[in-house]
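# Notes for the structure review
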Amino acid sequence: MSVKPIFFALDGKHLDNFSRELEILKGNIYGVKVGLEMFTSEGPSSVEKLKKDGWNVFLDLKLHDIPNTVQAATISAGDIGADYLTIHIASGKEALLAAKESKSENLKLLGVSTALTSKAYSPEISQKVYEEFLLAKESKIDGVICPPSELVKTKELFELIVTPGIRLKNEDSHDQKNITTPEKAIRDGASYLVMGRSVRQNINYVVEKLKL
Ligand code: C5P
């Protein structure tokens, strides 16, 4: 069975509430994403437990702070075993470079644009994302979190691209406004997809039928 390039978003307070899904998904998808909700409620133990169970862990903290703080938090994320960490590109070049310089080797840094996928596409947003991604590139960040609409352009800048805003055909978009299907995101250049609600609601389809 092939491992699909998906990070399952553990959007909830407690890791235990995802044990059924994690059991089904193990060996079928690439990794899991621990976000602000779980990390602020369970702390580093959530990441440590997932690592012990053999998962690739993406710690989505979207750091946005002064260089010294971003650097220190990046070191801590590596220490607890995270494999991927998000930093707001708006933290600035100095912060991004400081994080890159002192991070542990196992940790990959993903730059986040201020235009999240809960904002709809517009030419202004597209331009803003591009400018931020150029800064991320100059700052030697490993990859970016890229909205579906910007994938093709971003592929020219980065090899490592992680894309949220994924919905299966005919599915409710909820709060996401910049969305695409898993198949199209991969065709357009995403290395990995972040999928939360559509995995939870269609877990058998994702494991057995989705071809990526
Ligand atoms: O349930 P759904 O698939 O919409 O969840 C998307 C996940 O991706 C959430 O955890 C959300 O925080 C995250 N995310 C996003 N847009 C970004 C960055 C992260 O939706 N630009």
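Structure: see above.
A brief structural summary. (Residues numbered from 1 in each chain as written. Predicted model: local features only at pLDDT ≥ 70, side-chain atom pairs only at ≥ 80, totals over all residues. Heavy atoms only, no water.)

### Looking at unusual backbone geometry
We note that lysine 140 has phi near 65 degrees; this positive angle belongs to a residue other than glycine. Its location among the elements puts lysine 140 in the loop between α6 (123–138) and β6 (143–145). A relative accessible area of 53% means that lysine 140 is categorised as exposed. The phi torsion at histidine 174 lies on the positive side, around 50 degrees, for a residue other than glycine. Along the chain, histidine 174 turns up in the loop between β7 (160–163) and α8 (182–188). (Helix = DSSP H or I, 4+ residues; strand = E, 2+ residues; numbered from the N terminus. Buried < 20%, exposed > 50% of the residue type's maximum accessible area, 1.4 Å probe, protein only.)

### Details of the packing of aromatic side chains
In total, this model carries nine aromatic pairs according to the counting rule given. Here a set of aromatic residues connected by ring pairs shows up, and it is made of Phe7, Tyr30, Phe58, Tyr84 and Tyr192. One residue, lysine 26, lies across the ring of tryptophan 55, its end atom 5.6 Å from the ring centre. Sitting above the plane of the phenylalanine 158 ring, lysine 137 keeps its charged end 5.2 Å from the centroid. (Phe/Tyr/Trp six-rings, centres within 6.5 Å; stacked < 30°, edge-to-face > 60°. Lys NZ or Arg CZ within 6 Å of the ring centre and 35° of its normal.)

### Digging into the nonpolar core
In terms of nonpolar packing, the biggest core is built from 52 residues, with Phe8, Leu10, Leu22, Leu50 and Leu59 touching the most fellow members. The element contributing the most residues to this core is strand β3 (residues 56–63), with four residues. Excluding anything up to four places from it in sequence, leucine 10 contacts Leu15, Phe18, Leu22, Val32, Lys33, Val34, Met38 and Leu50. (Core = buried A, V, L, I, M, F, W, Y, C linked by side-chain atoms within 4.5 Å. Contact = heavy atoms within 4.5 Å.)

### Observations concerning the pattern of salt bridges
Summed over all chains, the structure comprises nine salt bridges. Between aspartate 60 and lysine 62 there is a salt bridge; the shortest N-O distance is 2.8 Å. Across the pair aspartate 175 and arginine 197 runs a salt bridge whose closest N-O atoms are separated by 2.7 Å. Of the two residues, aspartate 175 sits in the loop between β7 and α8 while arginine 197 sits in helix α9 (residues 197–201), which places them 22 residues apart along the sequence. According to the relative accessible area criterion, arginine 197 is partly exposed, its value standing at 31%. Here the salt bridges do not stand alone but share partners, grouping Lys33, Asp60 and Lys62 into one network. (Salt bridge = Lys/Arg side-chain N within 4 Å of Asp/Glu carboxyl O.)

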